2 protein chains.
Amino acid sequence: MTQKRIVILGGGFGGLAVAAGLGDAEAQVTVIDQRNHNLFQPLLYQVATAALSPADIAEPIRKTLGRFRNIRVMLAAVAGVDTAAQVVTTESGDAVPYDTLIVATGSVYNYFGNDHWRTHAPGLKSLSEARVIRQRLLLALERAELAKDAEARRGLLTAVVIGGGPTGVEMAGAIAELGRDVLARDFRDLGPEGFHVVLVEAGDRVLSAFPERLSDYTLKALTARGVHVWTGRSVKDVRPDGVLIDEEFVPAGVVVWGAGVRASPAADWLGVPAGKGGKIAVDGRLRVIGLENVHALGDVAHLEDASGAPLPALAQVAKQQGDWLGKHLRREMTGGPALPDFTFHNRGNTAVIGRNDAVFDFGRWQMRGWFAWVLWALVHVWLLVNFEKRILVSIQWVWRYLTRQSGARIIDERAPERADASRPDMP
Amino acid sequence: MTQKRIVILGGGFGGLAVAAGLGDAEAQVTVIDQRNHNLFQPLLYQVATAALSPADIAEPIRKTLGRFRNIRVMLAAVAGVDTAAQVVTTESGDAVPYDTLIVATGSVYNYFGNDHWRTHAPGLKSLSEARVIRQRLLLALERAELAKDAEARRGLLTAVVIGGGPTGVEMAGAIAELGRDVLARDFRDLGPEGFHVVLVEAGDRVLSAFPERLSDYTLKALTARGVHVWTGRSVKDVRPDGVLIDEEFVPAGVVVWGAGVRASPAADWLGVPAGKGGKIAVDGRLRVIGLENVHALGDVAHLEDASGAPLPALAQVAKQQGDWLGKHLRREMTGGPALPDFTFHNRGNTAVIGRNDAVFDFGRWQMRGWFAWVLWALVHVWLLVNFEKRILVSIQWVWRYLTRQSGARIIDERAPERADASRPDMP
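Residue indices begin from 1 for each chain and proceed along its sequence in written order. Working convention: letters from A go to chains and numbers from 1 go to ligands, in the order in which they are written. A pLDDT threshold of at least 70 governs which residues receive local features in this predicted model, and a stricter bar of 80 or more applies before side-chain atom pairs are shown or counted, although totals over entire chains, interfaces and linings include all residues. Water and hydrogen atoms were dropped before computing side-chain values, which therefore reflect all heavy atoms in the structure.

1. What to know about the overall build of chain A
Item 1. A count of helices and strands for chain A gives 12 helices and 24 strands.
Item 2. In this treatment the radius of gyration is a C-alpha quantity, and the globule benchmark scales as 2.2 Å times the residue count to the 0.38 power. For chain A, the C-alpha radius of gyration of 22 Å lies close to 22 Å, the compact-globule estimate for 427 residues.
Item 3. For chain A, the spread of C-alpha atoms along the three principal axes comes to 75 × 55 × 45 Å.
Item 4. Going through the 427 residues of chain A one by one, you find that 58% of them count as buried. Labels follow the DSSP assignment, with helices taken as runs of H or I lasting at least four residues and strands as runs of E lasting at least two, numbered in each case from the N terminus. For each residue, the accessible area found with a 1.4 Å probe, counting protein chains only, is set against the maximum for its type, and the residue is called buried under 20%, exposed over 50%, and partly exposed in between.

What follows is the structure, given as C-alpha cells:
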C-alpha cells in the first residue's frame, strides 16, 4: 500500500504543529518553506533592539523535525498549486504531488498599496528585517555623534514606529529604553534626553484589540518612558530620511513598520476568493471551502468563533489549529473516532511595554505592571523551542536585568553581503 | 594645561589594550574604527560553521571602553594621515588632530593580486564574511538535496579551503564535522559519505609555523576526519562554482580563503616604506621609524625578536604590545621610570583540528590530542571579553558536546539586505 502524501506549506507555528502531530505516522510528509528556520516571532523585537541574537529565537526546521523519519524538509518558494492535478510547484521548478495539502504560510506586513515604503520602514517578520532595523538604529546613534549641525542630529536621534498594535508598542518601548541606556552610557557627546521615539497610530488608541483600560495604561506607561504616542494621525509618506505624518514631516534615523498584516498570497495559488486581509475561508475542520483535500490554518485562514468574530492572527491560534489538524489527520489514517470541530481556547493576549512592565488580557480578567512582565518573561522562555535556548535566553535576560546592559549591539559591515549578490541565488 | 590628545586607529586586541591602559589617564583618547565592535577572531571560524552566534564573540567598542570617561569612540574609516600637521582624516571628512598617534589597524587577507577572488572565496576577518560562508555552506547542502544530477550534487557537497595555516586547518576540520553531522542527521536523501572537504596548501606541509611533528599529526588527524589535504599544490583561479587547483578544476559549493594576510594600508597613510607583507618597521619602543609621535603595533608593525626573526601576526603579540604601549605612554605622562623595551613572551601557539583534537606549541614542548583540545577550549573561553560571554559560550559548547548538535544553523533571507543598499551608507 502506498503511503498518503501530505504536503505542508510553511514551517511556522501552525505548519510545525501539524508536522509534529504526523511524526512517524504512516504518511510521507513534506514541509516546504522559503526559510530554513522557524522563527519565534514574539521575541523578534528583541533581536531588532539588540537584546538577543538571531540564533536565540530561530531553529532550523530540519533540526526541529529531524527525529521523524517520515518527514522531509524542502527549502523552496511556492510558485503555485494545481488543485486539479494535486501538485505544488516551486519557483525552482520542482513539482511536489500531494494527497492532502496544508497551507500555513502565515502573513506579511501590509503597506496598504505602498510597498515601496518597505525599504525605508521594514516590518518585523524576518531575521534580516530585524537586523536591518538594529543596524539603522545603532548607526543612527553613531552618525548623530558625528553630525555637524543640531537639526541633522535631532533627526538621527528620532525613531518613528508606525502602528500601535503589540509589535508597535513593544518596538517603541524597547527602542526608547535602548536609546536612553546606550546614550547615557556609551556616547560622550549626546545626552539621553536628546533621543525621541514617536509611535503613530491611525486609530484612537494603542492596543485596540485589548480592553480600553489596558490601552489607557499602556499609553501612560509609554509616555512615562519618553515615547510620544500620536493617535488618530495617519502616515502619508515614508521617505529615506523620515515620515510624513498628516501634514508634518518628522525626520527620523530609523523607521519601523508594524501597522497591520495581510495573509500571504495563498488564495491566489489556490484560485479561491480572498476574504478580508487576503484570508482563505475554512470550515470547522479547517478545510478550504470549495476545494478537496486542502486545509488552511493560522494567519492565512479565516475562521469565526461561536460569537461570529474572526479568530485573531496570533501564534496561539496557529499552534492550536496545527495541533488539532495533526491529530485529526492521524485519526483519519488510523480510523479512530472523529475529533469534534476545532475550537479556539484563548490563553491570553499580551504586550510588553518595557523593563518591568507589560499587559495581559485573559478575557475575563487582566494583568498589568511588574507581575504581568514577569509572567510574560516566564511564558516566553517556556515557549522557546528547546532547553538550550531557554537557558541561553534566561541567562541573557537575567544578565541584562542586573547590569542594565543591552546585548548584541553589533553592526555587521555590509560590503561582503553585497558582493554576495553575484552568487547564484536561492534554488 | 591642555591634555595630550592620543588617537588610536583600530579597536582590535592591540588598540583596545592601549586604550584600556590609558583609561582615566590625563589624556584625551580617541579610538577610531570602521566597525563598532571588537571581534574575537580566534573563534570566528565557529561563527562560520554555525557553532556560535556573532554576538557571542563580538562586543561594541563603546561598551568595552564605556567605563573610561576620557576615551571617545568614533565609527569611521581612515582616509589618510597628515604626519606634518598631525591630523587624521576620515572618509566622512572629519579631521582628528593628535599629539600621539597609535596605528593598530591589523591585517587583511592577501589574495596575491587576485582581489576579485574574494567574492567567491571570502576570508575570515569579519562577522559578515563568516556569515556569508555559513550561508553558502548551509545553502549548498539544501541545493544538493534538490539537485537533479549526481555531478551537480557532488560539486555542491564539496568545500574547498585554501591555505593550510591555523585558520585553514580549523575551517577544514569544522566544515568536515558540520557536514558529516548535519548530513547524517537532518538530510533524508544525502549520506554523510557524500560530503568532501579539500584543504589546499601551496607549501609542503600544513601548519608550517609549527614544529614538523605537529604538522604530521595534524595531517593525519584531518585525513581521519575525511579532509583531503593537498599540499604542494597551487590555486590558479577561483570561480563562482569551484577552484582551479594546478590543472584540475574542483567544483565546490563553498570556498574559504585562509592563505595569508597582509598589513592594512597604514604605510600608505603614513607615507613610510612598506616592508614585507605591507608592514611598518618599528623600534623596540614601538615607534614608527622615521616619524615623530607615531607608534604602530600588532599585525601592521614589523618588529624582530632577539634572534632576528619577525614577531608573528598573532593576537597575543598585539595584546602584549598594546599593554606595553599603554603603560609606556602613561609613564611618560606621569614621569615615572622608563619601561625597558618591549619583548614578546610566547604564550603558546595553537590550532584546533576538531572535536576532541587540537595542537599546542609552547616552543620547548608541545601538546596534542584531547588534552590540548580541552586546554584550547579553557583558554579561549577565558580570553572572551566578559563574564556573560564566557557563560554563554561555555553552555553552548557543553551542550554541543553532549548532544552533538551544531548550533546557529540559520540561513537569513537576503532580499531585504539588498533593498537596504539604497540607504545612505556608512558615515
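Having seen the model, we can carry on.
2. So, the pattern of salt bridges
Residues and elements named next belong to chain B.
Item 1. A pairing counts as a salt bridge when a side-chain nitrogen of Lys or Arg comes within 4 Å of a carboxyl oxygen of Asp or Glu. Within this structure, the stated rule accounts for 28 salt bridges over all chains.
Item 2. Between R118 and E129 there is a salt bridge whose closest N-O contact spans 3.1 Å. Of this pair, R118 sits in the loop between β10 (107-109) and α4 (127-146) while E129 is found in helix α4, placing the two residues 11 residues apart along the sequence.
Item 3. Residue R118 is classed as partly exposed on the basis of its relative accessible area, which comes to 42%.

3. Remarks on the confidence of the model for chain A
Residue and element names in this part refer to chain A.
Item 1. The quantity known as pLDDT measures the predictor's confidence residue by residue, on a range of 0 to 100. Mean pLDDT over chain A stands at 89; residues scoring 70 or higher make up 94%.
Item 2. Here helix α12 (residues 415-419) is the element of chain A with the lowest mean pLDDT, 30, and strand β9 (residues 100-103) is the one with the highest, 98.
Item 3. Within the model, pLDDT remains below 50 along residues 414-427, and this stretch shows 37 contacts once partners closer than five positions in the same chain are excluded.
Item 4. For this predicted complex, the interface confidence reaches an ipTM of 0.79, while the overall pTM sits at 0.86. Residues count as neighbours in contact if any of their non-hydrogen atoms are within 4.5 Å of one another.

4. Some words on the side chain of B:K125
Residue and element names in this part refer to chain B.
Item 1. Within the fold, K125 resides in the loop between β10 and α4.
Item 2. For the buried residue K125, which engages in no salt bridge, the nearest side chain bearing the opposite charge is D299, 4.3 Å off.
Item 3. Here the side chain of K125 touches S107 through a polar contact of 3.1 Å, side chain to side chain.
Item 4. Other than its neighbours up to four places away in sequence, K125 contacts R35, L39, Q41, L44, S107, Y109, V261 and D299. Positive charge is attributed to Lys and Arg, negative charge to Asp and Glu, and no charge count is given to His or to the chain ends. What qualifies as a polar contact is a pair of N or O atoms within 3.5 Å, subject to a donor-acceptor requirement within protein and to the restriction that residues adjacent in sequence count only when both atoms come from side chains.

5. Overview of the packing of aromatic side chains
One pair of aromatic rings is described through two measures. These are the centre distance and the angle between the planes.
Residues and elements named next belong to chain A.
Item 1. Pairing of aromatic rings covers Phe, Tyr and Trp, the last counted by its six-membered ring, and requires centre-to-centre distances within 6.5 Å; plane angles under 30 degrees mean stacked, over 60 mean edge-to-face, and any other angle means tilted. Applying the stated criterion to the full structure yields 12 aromatic pairs over all chains.
Item 2. A ring pair is formed by Y111 and W257, whose centres lie 4.6 Å apart and whose planes are at 25°; its orientation type is stacked. Of this pair, Y111 sits in the loop between β10 (107-109) and α4 (127-146) while W257 sits in strand β17 (residues 254-257), and the two are 146 residues apart along the sequence. Here the two residues Y111 and W257 agree in accessibility, since each one is buried.

6. Side note on the sheet that holds strand β8 (residues 95-97) of chain A
Residues and elements named next belong to chain A.
Item 1. Spatially, the 3 strands line up as an open sheet ordered β6-β7-β8, and their pairing is antiparallel. This sheet does not close on itself; its edge strands, each paired only once, are β6 (78-82) and β8. Along the sheet, successive strands turn relative to each other by an average axial angle of 20°, direction set aside.
Item 2. Strands were regarded as paired on the criterion that DSSP finds at least two bridges between them. Judged from the 3 bridges that link them, strand β7 (residues 87-90) and β8 form a sheet pairing that is antiparallel. Bridging across to β8, V88 finds its partner in V96. All axes here are fitted lines through C-alpha atoms, helices being fitted over the stretch that makes contact, and every angle between N-to-C directions spans 0 to 180 degrees.

7. Description of the pairing of strand β12 (residues 196-201) of chain A
Residues and elements named next belong to chain A.
Item 1. Burial analysis of β12 places 6 of its 6 residues in the buried class, which makes it a mostly covered element.
Item 2. Of the two faces of β12, the one carrying H196, V198 and V200 and the one carrying V197, L199 and E201 are both buried.
Item 3. Direction of pairing for strand β11 (residues 158-162) relative to β12: parallel, over a ladder of 5 bridges. Pairing of I162 across the sheet is with V200, part of β12.
Item 4. Pairing analysis gives 5 bridges linking β12 to strand β13 (residues 227-231), with the strands arranged parallel.

8. Topic: the sheet that holds strand β15 (residues 242-245) of chain B
Residue and element names in this part refer to chain B.
Item 1. Reading across the sheet, the 3 strands line up as β14-β15-β16 and stay open at both edges, with antiparallel pairing between neighbours. If you trace the sheet from one side to the other, it starts and ends with β14 (235-239) and β16 (248-251), each paired once. Ignoring which end each strand starts from, the neighbouring axes of this sheet average 20° apart.
Item 2. Of the strand pairs in this sheet, β15 and β16 are connected by 4 bridges, and their pairing is antiparallel. Residue L244 lies in a different strand from β16, and its bridge partner there is F249.

9. Section: the packing of helix α11 (residues 387-403) of chain A against helix α11 (residues 387-403) of chain B
Item 1. At a closest axis distance of 11 Å, the pairing of α11(A) and α11(B) adopts a crossing angle of 175°. Between α11(A) and α11(B), the angle is such that the two are roughly antiparallel. Residues A:F387, A:E388, A:I391, A:L392, A:I395, A:Q396, A:W399 and A:R400 of α11(A) form the contact with α11(B), whose own contacting residues are B:F387, B:E388, B:I391, B:L392, B:I395, B:Q396, B:W399 and B:R400.
Item 2. Class assignment of the residues belonging to the contact of α11(A) with α11(B) gives a composition of 10 nonpolar, 2 polar and 4 charged. When describing relative orientation, an angle under 35 degrees is termed roughly parallel and one over 145 degrees roughly antiparallel, while 65 to 115 degrees is termed roughly perpendicular and anything else oblique. For this classification, Asp, Glu, Lys and Arg are treated as charged, while Ala, Val, Leu, Ile, Met, Phe, Trp, Tyr, Cys and Pro are nonpolar and the rest, including Gly, are polar.

10. Digging into helix α6 (residues 166-186) of chain B
Item 1. An expected span of 1.5 Å times one less than the residue number is assigned to each helix. Given a rise of 1.5 Å per residue, 21 residues ought to cover 30 Å, and the 29 Å separating the end C-alpha atoms of α6(B) matches this to within 8%.
Item 2. Of all 21 residues in α6(B), 15 are buried, a share of seventy percent or more.

11. Some words on unusual backbone geometry
Both trends apply: most residues other than glycine have a negative phi, and most peptide bonds are in trans.
Item 1. Of note, A:L286 is a non-glycine position whose phi angle comes to about 60°, a positive value.
Item 2. Tracing the sequence through the fold places A:L286 in the loop between β19 (280-281) and β20 (294-296).

12. Re the environment of A:R364
Item 1. Relative to the assigned elements, A:R364 resides in the loop between β23 (357-361) and β24 (366-369).
Item 2. For the pair A:R364 and A:G348, spaced 16 residues apart in sequence, the C-alpha separation works out to 9.9 Å.

13. Points about the environment of B:T119
Residue and element names in this part refer to chain B.
Item 1. Looking at where T119 falls in the secondary structure, it is placed in the loop between β10 and α4.
Item 2. Overall, the relative accessible area of 23% leaves T119 in the partly exposed class.
Item 3. With 147 residues separating them along the chain, T119 and A266 place their C-alpha atoms 24 Å apart.

14. Re the side chain of A:K279
All names here are of chain A.
Item 1. Inspection of the secondary structure assignment puts K279 in the loop between α8 (266-270) and β19.
Item 2. Buried charged residue K279 carries no salt bridge. Nearest counter-charge: D299, at 5.8 Å.
Item 3. In contact with K279, not counting residues within four places along its chain, are A263, P273, A274, D299, V300, A301, H302, L311 and A313.

15. Description of the environment of A:W257
All names here are of chain A.
Item 1. You can call W257 buried: its relative accessible area is 3%.
Item 2. Each C-alpha atom, one on W257 and one on H120, is 9.0 Å from the other, the two residues being 137 residues apart in sequence.
Item 3. Every residue in contact with W257, bar those within four places of it in the chain, is listed here: Y109, N110, Y111, F112, W117, A121, P122, G123, L124 and I162.
Item 4. One polar contact links the side chain of W257 to the main-chain carbonyl oxygen of N110, over a distance of 3.1 Å.

16. Some details on the packing of α4(B) against α6(B)
Residue and element names in this part refer to chain B.
Item 1. Taken N-terminus to C-terminus, the directions of α4 and α6 make an angle of 35°; their axes are 11 Å apart at the nearest point. Classified by chirality, the crossing of α6 by α4 is right-handed. Judged by residue contacts, I133, L137 and L141 of α4 engage M171, I175, L178, V182 and L183 from α6.
Item 2. Its residues placed into classes, the contact of α4 with α6 shows 8 nonpolar, no polar and no charged. Take the far helix as the reference: if the near one is turned anticlockwise from it by less than a right angle, the crossing is left-handed, and if turned clockwise, right-handed.

17. Considerations on α11(B)
Residue and element names in this part refer to chain B.
Item 1. For α11, which comprises 17 residues, the first-to-last C-alpha distance of 24 Å matches the rise-based estimate of 24 Å (1.5 Å per residue) to within 8%.
Item 2. Along α11, the positions that sit buried rather than exposed are E388, K389, L392, V393, Q396, W397 and R400. Each buried residue of α11 lies within a common arc of 155° when the element is viewed along its axis, so the set occupies one face. The arc in question is formed by the directions pointing from the helix axis toward the C-beta atoms.

18. A closer look at a nonpolar patch on the surface
Residues and elements named next belong to chain A.
Item 1. For patch detection, residues must exceed 30% relative accessible area and be free of salt bridges, and they are connected within 9 Å for like charges or within 5 Å for nonpolar side chains (Val, Leu, Ile, Met, Phe, Trp, Tyr). Accessible surface is estimated by sampling points in the Shrake-Rupley manner with a 1.4 Å probe; for residues, cover comes only from the protein chains shown. A cluster of nonpolar side chains, W370, F371, V398, Y401 and L402, forms an exposed patch at the surface whose accessible area comes to about 570 Å².
Item 2. Listed by contribution, the elements that provide at least two residues to the nonpolar patch are α10 (370-383) and α11.
Item 3. The element that contributes the greatest number of residues to the nonpolar patch is α11, accounting for 3 residues.
Item 4. Mapped onto the secondary structure, F371 falls in helix α10.

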